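Here is what each chain is made of, one letter per residue.
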Amino acid sequence: MSAPDDYEAEYNNRARVPENPALIAGWARDAAAYRERHVSRLVRYGPGARNVIDYFPGGHDGPIVVFIHGGYWQALDNSFFSHLAGGLNAHGIGVAIPGYDLCPDVSIDNIIAEMREACRELARLGQSLVVSGHSAGGHLAACMLATDWPAMDASVPRDFMMSAYSISGLFDLAPLIETSINRALQLDAAAARAASPLFWNSPADKSLDAVVGENESAEYFRQSRDIVEVWGAAGVTTRFGVVAGANHFTAIAPLADPASPMVARLKQLAGR
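Counting of residues starts from 1 at the beginning of each chain's written sequence and follows it residue by residue. Confidence filtering applies because this is a predicted model: local features only for residues at pLDDT of at least 70, side-chain atom pairs given and counted only at 80 or more, and all residues used for totals across whole chains, interfaces and linings. Neither water nor hydrogens contribute to the side-chain values; these are computed over all heavy atoms in the structure.

> Sorry, what's going on with the nonpolar core here?
In a soluble, globular protein the nonpolar side chains are often hidden away together inside. Take the buried Ala, Val, Leu, Ile, Met, Phe, Trp, Tyr and Cys residues and link them wherever side-chain atoms come within 4.5 Å; each set so joined is a nonpolar core. Burial here depends on accessible area, computed with a 1.4 Å probe over protein chains only, as a share of the maximum for the residue type. Under 20% is buried, over 50% is exposed, and the range in between is partly exposed. Counting residues in hydrophobic clusters, the biggest one holds 59 residues, and the most contacted among them are Trp-73, Ile-108, Met-144, Met-161 and Leu-173. To qualify as a helix, a DSSP run of H or I must reach at least 4 residues; to qualify as a strand, a run of E must reach at least 2; elements of each kind are numbered from the N terminus. Broken down by element, this core gets its largest block of residues, eight residues, from helix α5 (residues 108-123). Formed by 31 residues, the second largest nonpolar core is a distinct cluster that contains Leu-76, Leu-84, Phe-249 and Ala-270.

> Explain the pattern of salt bridges to me, please; I cannot follow it from the model alone.
As a working rule, side chains carrying opposite charge can pair if their charged atoms are close by. Take a side-chain nitrogen of Lys or Arg and a carboxyl oxygen of Asp or Glu: if they are within 4 Å of each other, that pair is a salt bridge. Taken as a whole and assessed by the stated rule, the structure comprises ten salt bridges. With its nearest N and O atoms 3.8 Å apart, the salt bridge here joins Asp-209 to Arg-239. Note that Asp-209 is positioned in strand β7 (residues 207-213) and Arg-239 in strand β8 (residues 237-243), a separation of 30 residues in sequence. Classification of Asp-209 as buried rests on a relative accessible area of 3%. Ionic pairing is found between Arg-265 and Asp-209, a salt bridge with its closest N-O pair at 2.7 Å. Taken together, the residues span a long stretch of sequence, with Arg-265 in helix α11 (residues 261-269) and Asp-209 in strand β7 at a distance of 56 residues. Judged by its relative accessible area of 13%, Arg-265 falls in the buried class. Within the structure, one salt-bridge network assembled from shared partners comprises Asp-172, Glu-219, Arg-222 and Asp-226.

What follows is the structure, encoded as structure tokens:
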């Protein structure tokens, strides 16, 4: 594990990848182009302007894959990521990309609650879910998998979400407390632990894939390896993987490629 003095460098992905503005601009361009060719269905799950899901339907009635975007819970929105539905849509699999409110306007706990509402709304479509996400979205995907859904809503089938696929996720938030990232998050030790799915009751009968870009920091590798080890020891079916040649921002690119191993794995998780 890195010493606390190193956490800023370990977690400041924009500093680690100086070309990030061009990469993010590329996301926006590719996402807009995808929306021009594929009309999404807007699904509202709450009263806020960001409480909307872009749903790109597939041609089949099988599971929907949810993709939750990153941005350290404080940046971006779902409109940057529409193109990432392309790989799975090409195989007839529907993809749902929810938006959410951002810190510091809300807390991470509020965002977790919003994603639960989004998933509950998607459950009303009558299809099961595979939940995926990148960076902060990878954290939220793990939170969704570990949610006790029947306790939250008895009408939601317990097995409507059986697997999660996290790309460069964060599962232990304590290292962020002493970084500049925390200016918007406003975490203290208790809040960080409470929002860290690494320490939650693990979903023992479910599965979690945790993958990380090959060129990411040691802390990102540790985060994914730790949850694979801890949840795996508790009975979760876990897999650790590396996205070859990828940094934090390019690790999601395979989602747009119908022939990528990442899409093949999500197809498998969706029973296709």
